[in-house]
Structures are given as C-alpha cells and as structure tokens.
Amino acid sequence: MHEICENQQKIDYQQLLPGQLVTAVVILDHAFTIQYANPAAEALLNRSQNKLRGLAFEAVFSNTSIDNERLQQLVATGQEFTDSDVLLHIAGSHQFTAEITLSAVEFDRQSHVLLEFKKIDQQKQISIEVFQQQQWESARDLIRGLAHEIKNPLGGLRGAAQLLHKELSSGQQEYTTMIIEQADRLTNLVDRLLGPNQLPNMTKQNIHLVLEKVNQLVSFNNPKKIKFIRDYDPSIPDVEFDQEKMQQAILNIVSNAVQAVDDSSHIYFKTRVTSNQTINGKRIKLSAQISIIDHGPGIPPHIQDTLFYPMVSGRPNGTGLGLSIAQTLINQHKGKLSCDSYPGRTEFIILLPLTEENFNDY
C-alpha cells in the first residue's frame, strides 16, 4: 500500500512539474512535429498548446542552426547536445537568443525529441554592456595617460618658442608664431580628449527643460530645414542632473544626428518612464528614458561596438569626440547611453535612474 502511494505521488509530481518549470519544454514525435509544449514554451513562442500541437518543428523554429538533419542525427545516436547561443526565429512572430538542449527520449515505445530552451537575451545583453563598459574605461585611461605625457613636452615647446620669438627679427617671428599656434591647437585637442573632469552639480529638475533648450539651439542654426518632433511623457518626475552637462551630452548626440540625415528630415525627441532596466550591471526599478531618433543611413556596423570610444567616427571629417564626451557626461550621472542602429533608423537612448523619492512623485 505504501509503495502504491509513493508511485502515485511520483506520477502526480511528474504531471505537475512541467507546467511549473521556468524552462520552456517542447516534445517532438518521430516525425519532428510538436506534441506538447509547457506553459513556459507557450509564453516564449506566443502560441497556445492547441495551436502548436501538430506543427512541424521547422514550421515554428525557422532559419535556426537546428534542422531536421540534426534532429535525425540526435535520434540515431541518442547523444544529447546543448548549444548556449542559438538564435531562434519564431515563424511569423519574433526572434530571440536561447540556450537550448535536445535529448532523445522514448514515449509509447516510439522515439521522441525533448527540446528544452531558455531565453538569454537579457543576460547576453548585460554581459555585452559590462564588457563594453570595461573596454571604454580602459580606452579612457589609456587616452588620459597619453594626453598627460603629450601635454608636458608641449608646454615646454611652447615656452621655448615664446622665448625664441623675443630674440628673432620680425621677419623670422612668423616661424615661432606658427610653432606657438600649433602647440596651442594640440593642447586644445588633448584637453578635449581628456573630456570633462569636473563633478556634476546635481539638482532636481524637469528633464524636458534641457530638451527644449537643445531644441531651441539646433533650431536656430538649421540650414537643412530639419523638423524636430517632440514626443514627451509629462508624467516623468523631476530628475537629479547637472543642467549644463546634460545639455552638452544631448546636444552632442543631436548634432551627430543632424549631420547624418538628409535635408528636410525629421529628428525625434522622445521621453518615457521605463522599468527594470540594467544600468552599469545594476538592476534599476524605474528610469527616465530619453531617446533621440533619426531616419538617416545608420551607423556602420564595424564601429557600433566602439562607437563611444575617443577618436572613433563614422564621418571622414569627424573628430570622434562628441559621443565619447556624451558617454562620459552620462556616466557621471550614473546613467547609461546606448545606441540601436540599422539602415534607415538610429536611436540613441539615455537612461537616468529615478530614486526612491522619485517613485512617490510618479
């Protein structure tokens, strides 16, 4: 009797657990059609069990690295395999990156495939952002070290040229004048490479005041006749930031967008409150989000990973300092600056954390 109860409990658990799993589970029959999908799989695939049942694997998971040939090999060898970075294209719906495990199992004396997968887009994005942040900080430290090494001899060179200037005739002073001018130009470039080094003067303000000021500045000098469209969320509470530094950061981003788009194009200023964002490796409950969106040619793929490094530019005559400075300024506010770009659309996103006090205002 005791043994029967234990067996029944085991059966009850086996029936209950698939529905409670966070991991998505799909079972394919010997013809690789879907026979079962647990609730987690229904949520990820955006379809119910009834709609999934009877569909061929390739009809649902299209254009993936797992095809019928690989499934047949799995059934033939019985050897389980796992892939930690599979891009799953869900036919007619969406796509996501998943960690996936496939096993050969037997039901009713027939071969089946057990497919387990878990969405890892968020973890992958966090890892990429942390790596990029580390690389950016390393690049900044390297630039700072080089800049200081350059500034010291430049100061001596300029001082020597000034002394020599006094000893030369007026006809020869043009050479020392040129040396002094070029030394000043290089010093100015080095100062710009070092970026802003003063801590921000944080005060609680309405973020839209800064956006309106930037809009006013770029509208005054607008030979391309670009239309600036504002899409604001008036419910965003006041945020702590340095008005001058935030204005400079946003202006640098908008100036890049202006140079990228064609005449009579549109540039969008958009604000929203967003929840559960990861900023510099930390989960932030609520953030103010500022988006600068244009429909220009997009940022070349080969520089997207290093876009915020000093001296990286997508334009032949660009200095590559504007976005680097913007990144530094946003970092000083404990925020995050990111970019999502493809041909025809570029969006720069600024996230500024909202404090517990802000939550009460929202």
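Residues numbered from 1 in each chain as written. Predicted model: local features only at pLDDT ≥ 70, side-chain atom pairs only at ≥ 80, totals over all residues. Heavy atoms only, no water.

**Student:** Help me get a handle on the overall build of the chain, residues and values and all.
**Tutor:** Broken down by element type, the chain carries eleven helices and 13 strands. Burial status across the chain gives 37% buried among its 362 residues. At a minimum sequence separation of 6, the contacts of the chain that also span at least 24 residues come to 62%. Carbon and sulfur atoms make up 50% of the accessible area of the chain, which amounts to about 20900 Å² in all. (Helix = DSSP H or I, 4+ residues; strand = E, 2+ residues; numbered from the N terminus. Buried < 20%, exposed > 50% of the residue type's maximum accessible area, 1.4 Å probe, protein only. Contact = heavy atoms within 4.5 Å. Areas by Shrake-Rupley, 256 points an atom, 1.4 Å probe, with all protein chains shown as cover.)

**Student:** Report on the sheet that holds strand 10 (residues 266–279), specifying residues and quantitative values.
**Tutor:** Ordered in space as 8-10-11-13-12, the five strands form an open sheet in which the pairing is mixed. Looking along the sheet, the strands with just one partner apiece sit at the ends: strand 8 (227–231) and strand 12 (336–342). Averaged over neighbouring strand pairs, the angle between their axes works out to 25 degrees when direction is ignored. Contacting strand 8, strand 10, strand 11 (282–294), strand 12 and strand 13 (345–353), helix 9 (residues 243–260) crosses the sheet at an angle of about 40 degrees to strand 11. (Pairing = 2+ DSSP bridges. Axes fitted to C-alpha atoms, helices over the stretch in contact; angles between N-to-C directions.)

**Student:** Could you give me a rundown of the sheet that holds strand 5 (residues 95–107), with the residues and numbers involved?
**Tutor:** As a general point, the strands of a sheet are linked pairwise by backbone hydrogen bonds and lie either parallel or antiparallel. Taken together, the six strands give an open sheet; going across it, the order is 2-1-6-5-4-3, and neighbouring strands pair in antiparallel fashion. Edge strands, defined here as strands with exactly one partner in the open sheet, are strand 2 (34–37) and strand 3 (61–62). With ten bridges connecting them, strand 5 and strand 6 (residues 110–119) associate as antiparallel partners. Note that in strand 6 the partner of Phe107 across the bridge is Gln110. Of the strands in this sheet, strand 1 (24–28), strand 4 (81–90), strand 5 and strand 6 are in contact with helix 5 (residues 68–77), which crosses strand 5 at around 35 degrees.

**Student:** Please provide a residue-by-residue account of the packing of aromatic side chains, values included.
**Tutor:** Within the structure shown, the criterion is met by one aromatic pair. Ring centres of Phe228 and Phe269 lie 6.0 Å apart, and the angle between their planes is 45 degrees; on these two criteria the pair is classed as tilted. Placement of Phe228 in strand 8 and of Phe269 in strand 10 is noted, with a sequence separation of 41 residues between them. For the pair Phe228 and Phe269, a shared accessibility class is recorded, and that class is buried. (Phe/Tyr/Trp six-rings, centres within 6.5 Å; stacked < 30°, edge-to-face > 60°.)

**Student:** Summarise unusual backbone geometry; cite the residues concerned and give the values.
**Tutor:** We note that Asn46 has phi near 60 degrees; this positive angle belongs to a residue other than glycine. When you line up the elements, Asn46 lands in the loop between helix 2 (39–45) and helix 3 (49–52). With a phi angle near 55 degrees, Asn276 is a residue other than glycine that sits in the positive phi range. Within the secondary structure, Asn276 sits in strand 10. Exposure remark for Asn276: the relative accessible area of 43% places this residue in the partly exposed category.

**Student:** Explain the pairing of strand 1 to me, and be specific about the residues and the numbers.
**Tutor:** Of all five residues that make up strand 1, five are buried, and the element is covered over most of its length. Residue alternation in strand 1 divides its side chains into two sets, Ala24, Val26 and Leu28 and Val25 and Ile27, and both sets are buried. Pairing between strand 1 and strand 6: five bridges, direction antiparallel. Bridge pairing in strand 6 places Val25 opposite Glu116. Pairing of strand 1 with strand 2 involves three bridges; the strand directions are antiparallel.

**Student:** Which residues make up the pattern of salt bridges, and what are the values?
**Tutor:** Per the counting criterion, the structure on display carries four salt bridges. The salt bridge involving Arg272 is made with Asp231; its shortest N-O contact spans 3.0 Å. One end of the pair, Arg272, is in strand 10; the other, Asp231, is in strand 8, and 41 residues separate them in sequence. For the salt bridge of Arg345 with Glu347, the shortest nitrogen-to-oxygen distance reads 3.1 Å. Taking the relative accessible area as the measure of exposure, Arg345 reaches 21% and is therefore partly exposed. For Glu347, a relative accessible area of 10% gives the class buried. (Salt bridge = Lys/Arg side-chain N within 4 Å of Asp/Glu carboxyl O.)

**Student:** Account for the packing of helix 9 against helix 10 (residues 322–332), with residues named and values stated.
**Tutor:** For the pair helix 9 and helix 10, the least separation of the axes is 9 Å and the interaxial angle reads 145 degrees. By crossing handedness, the relation of helix 9 to helix 10 is classed as left-handed. Contacts between helix 9 and helix 10 involve Lys245, Met246, Gln248, Ala249, Asn252, Ile253 and Asn256 from the first element and Gly322, Leu323, Ile325, Ala326, Leu329, Ile330 and Gln332 from the second. Residue composition of the contact of helix 9 with helix 10, grouped by class: eight nonpolar, five polar and one charged. (Left-handed = near helix turned anticlockwise from the far one by under 90°. Nonpolar A, V, L, I, M, F, W, Y, C, P; charged D, E, K, R; others polar.)

**Student:** Before we move on, can you summarise helix 10 with the specific residues and values?
**Tutor:** The buried fraction of helix 10 amounts to nine of the eleven residues, a majority that puts the element mostly inside the structure. Listing the buried residues of helix 10 in full gives Leu323, Ser324, Ile325, Ala326, Gln327, Thr328, Leu329, Ile330 and Asn331. A positive phi of about 60 degrees marks Lys334, the residue just after helix 10.

**Student:** Go over the environment of Thr64, please, and point to the residues and values.
**Tutor:** Position of Thr64 among the secondary structure elements: in the loop between strand 3 and helix 5. On the accessibility criterion, Thr64 (16% relative accessible area) is buried. Here the alpha-carbon distance between Thr64 and Ile90, two residues 26 residues apart in the chain, equals 9.3 Å.

**Student:** Just give me the short version of the side chain of Ser265, but keep the residues and values in it.
**Tutor:** In this fold, Ser265 is placed in the loop between helix 9 and strand 10. On the basis of relative accessible area, Ser265 is assigned to the buried category, the value being 19%. When neighbours within four sequence positions are excluded, Ser265 is seen to be in contact with Ile226 and Lys227.

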